[in-house]
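Residue-level listing of the chains:
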Amino acid sequence: MKKLIPIGFTIIALNYGCKQNEFTTFRLSNLKDTSFYFQSKLLHPTLLEISISGYSDNPFVINNIRLEGGKIDTLLKMDWYGDTVIINFKRYKAAAGNLTFNCRTY
């Protein structure tokens, strides 16, 4: 019976550790420097995932990561250890576009 306790604890720990939030979606059609905020539903998130799709006429910057213009369909993953999530968008050279951001924490 003592061998079952560590196995049960491991299953609970894996379930808790792999839990993720639902997507939070932001849409941006007027490209200007801005920030998006949302609250993570996880107690201690460790990973931020940002899926970006759409179009931009020139390069732009998301959380200090530069992305080239044109058709955008990319996934960014970065360490994140706070309950409040901040996504910083800087238009850099972009003037026109339509972007959708799907964000979640793990």
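Everything below is about the structure shown above.
As the structure is a computational prediction, the values presented were derived from the model and not from experiment.

## Quick notes on the overall build of the protein chain
Then, number 1: Scanning the protein chain from terminus to terminus reveals one helix and eight strands.
Then, number 2: Along its sequence from the N terminus, the protein chain presents helices and strands in the succession α-β-β-β-β-β-β-β-β.
Then, number 3: A sequence separation of at least 24 residues applies to 74% of the contacts in the protein chain between residues at least 6 apart.
Then, number 4: As presented, the protein chain carries roughly 7100 Å² of accessible surface, and 56% of it is formed by carbon and sulfur atoms.

## Digging into the pairing of strand β8 (residues 97-105)
Then, number 1: Of all nine residues in β8, seven are buried, a share of seventy percent or more.
Then, number 2: Taken together, the nine bridges between strand β3 (residues 47-56) and β8 define a ladder with antiparallel strand orientation. Along β8, the bridge assignment pairs Ile50 with Cys103.

## A word on the environment of Arg27
Then, number 1: With respect to the helices and strands, Arg27 occurs in strand β1 (residues 24-28).
Then, number 2: Overall, Arg27 belongs to the exposed group, its relative accessible area being 64%.
Then, number 3: On a C-alpha basis, the gap between Arg27 and Gly54 in space is 9.6 Å, while along the polypeptide they are 27 residues apart.
Then, number 4: Non-local contacts of Arg27, meaning those with residues more than four positions away in its chain, are made with Leu99 and Thr100.

## Notes on unusual backbone geometry
Then, number 1: In this structure, Asn63 is a non-glycine residue whose phi angle is positive, near 45°.
Then, number 2: By the secondary structure assignment, Asn63 is in the loop between β4 (60-62) and β5 (65-67).
Then, number 3: Unlike most non-glycine residues, Tyr92 shows phi in positive territory, near 50°.
Then, number 4: With respect to the element layout, Tyr92 can be found in the loop between β7 (84-90) and β8.

Conventions adopted
- Residues numbered from 1 in each chain as written.
- Predicted model: local features only at pLDDT ≥ 70, side-chain atom pairs only at ≥ 80, totals over all residues.
- Heavy atoms only, no water.
- Helix = DSSP H or I, 4+ residues; strand = E, 2+ residues; numbered from the N terminus.
- Contact = heavy atoms within 4.5 Å.
- Areas by Shrake-Rupley, 256 points an atom, 1.4 Å probe, with all protein chains shown as cover.
- Buried < 20%, exposed > 50% of the residue type's maximum accessible area, 1.4 Å probe, protein only.
- Pairing = 2+ DSSP bridges.

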